Amino acid sequence: MANLWRLGVLCRAQGGRALFLRIPVVRPAYVSAFLQDQPAPGQCRTQHIHLSPNHHAGSKASSLHWTGERVVSVLLLGLIPAAYLNPSSAMDYSLAAALTLHSHWQVQQTLQCYVAKFICCELVPLLQMREKLIEILRPVDNFKTYKVFVCPDLCICLPI
Amino acid sequence: MAALLLRQVGRHCLRAHLSPQLCIRNWSLPMAMSICHRGTGMALSAGVSLFGLSALLVPGNFESHLELVKSLCLGPSLIYTAKFALVFPLMYHTWNGIRHLMWDLGKGLKIPQLYQSGVAVLVLTVLSSVGLAAM
């Protein structure tokens, strides 16, 4: 489960915003069984992303980043009505800056939370499973090589 | 032979990677609202980026585009609907964002408060969207 731990640190180090989304970090049962890991207590491991800046990450930088994100959010919140009431070019520039920064940081956080999880918890186990399949099939028939497709719901082996 | 065996293994895990996420028995309001917050955030981000890109690439300035839309003589209800559709995600994201910031301050984290603030955000969203679209 080293992958899960790493993901947890990754998400928390980014100062995980409050998502009361229980993102189940699933290690599909068939993959665990196949890879002969220690048996998971259930199929889903939920990971709550925490609100406060994480002190366990140990670095001042991530805490500062988290605070910076909040500051930019509050700034943007205040800028929108202010820009409506006092339109000016200075307001335009600051609105553009705050909007860009806020969207960049949040999109980055979203991608790290979902794409990283997908890669570590689905793609990597699938690839590992594929490798194992190839290993298992090798002694079966030394004269043929197998092309292995591992899809989430179907495992296909085709002799080439 | 090996293919058949593996097919059996595969069948057990039909959509296993997605079904826990999507088929969780009880979808809760905070969970759905959190997903919508992220969804609206991504949509707004894409919209703003496209707006900026179009300002760079498409000839003409904002006033000329506005004149173009006015010259189409669309019905007022259609214009109102379009304005409502544009402002609704923005308002939702704004109010829910304030809710997130409240959580970051440590306030309103109990479960009943979660539901109350969630409902409040939804009501405020609808009211503010209706108001802003009418402007």
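Residues numbered from 1 in each chain as written. Chains lettered and ligands numbered in written order. Predicted model: local features only at pLDDT ≥ 70, side-chain atom pairs only at ≥ 80, totals over all residues. Heavy atoms only, no water.

Structural notes on the overall build of chain A
Here's step 1: Helix and strand content of chain A: four helices and four strands.
Here's step 2: Reading chain A from its N terminus to its C terminus gives the helix and strand order α-β-α-β-α-α-β-β.
Here's step 3: With 160 residues in all, chain A has 36% of them scored as buried.
Here's step 4: A separation threshold of at least 6 residues defines the contact pool for chain A, and within that pool the share at least 24 residues apart is 59%.
Here's step 5: Carbon and sulfur atoms form 66% of the exposed surface of chain A, whose accessible area is close to 9,300 Å². (Helix = DSSP H or I, 4+ residues; strand = E, 2+ residues; numbered from the N terminus. Buried < 20%, exposed > 50% of the residue type's maximum accessible area, 1.4 Å probe, protein only. Contact = heavy atoms within 4.5 Å. Areas by Shrake-Rupley, 256 points an atom, 1.4 Å probe, with all protein chains shown as cover.)

Points about the UniProt feature "transmembrane region" (unreviewed entry) in chain B
All names here are of chain B.
Here's step 1: UniProt records the feature "transmembrane region" (unreviewed entry) at residues 41-62, 74-93 and 114-134, using the numbering of this structure.
Here's step 2: Note that residues 74-93 is 90% helix and 0% strand, and that its end C-alpha atoms are spaced 28 Å apart.
Here's step 3: The distance from the first to the last C-alpha atom of residues 114-134 is 30 Å, and the span holds 95% helix and 0% strand. (UniProt positions renumbered as here; feature names shortened; annotations may be inferred.)

Some details on the environment of Gly78 of chain A
Residue and element names in this part refer to chain A.
Here's step 1: Position of Gly78 among the secondary structure elements: in helix H3 (residues 60-85).
Here's step 2: We classify Gly78 as partly exposed; its relative accessible area is 41%.
Here's step 3: For Gly78 and Leu95, which are 17 residues apart along the polypeptide, the C-alpha to C-alpha distance reads 9.8 Å.

Some thoughts on the nonpolar core
Residues and elements named next belong to chain A.
Here's step 1: Leu76, Leu79, Ala83, Met91 and Ala98 form the largest nonpolar core, which has five residues in total.
Here's step 2: Elements supplying a minimum of two residues to this core: H3 and helix H4 (89-137).
Here's step 3: Ignoring any residue separated from it by four or fewer positions in sequence, one finds Met91 in contact with Leu79, Ala82, Ala83 and Asn86. (Core = buried A, V, L, I, M, F, W, Y, C linked by side-chain atoms within 4.5 Å.)

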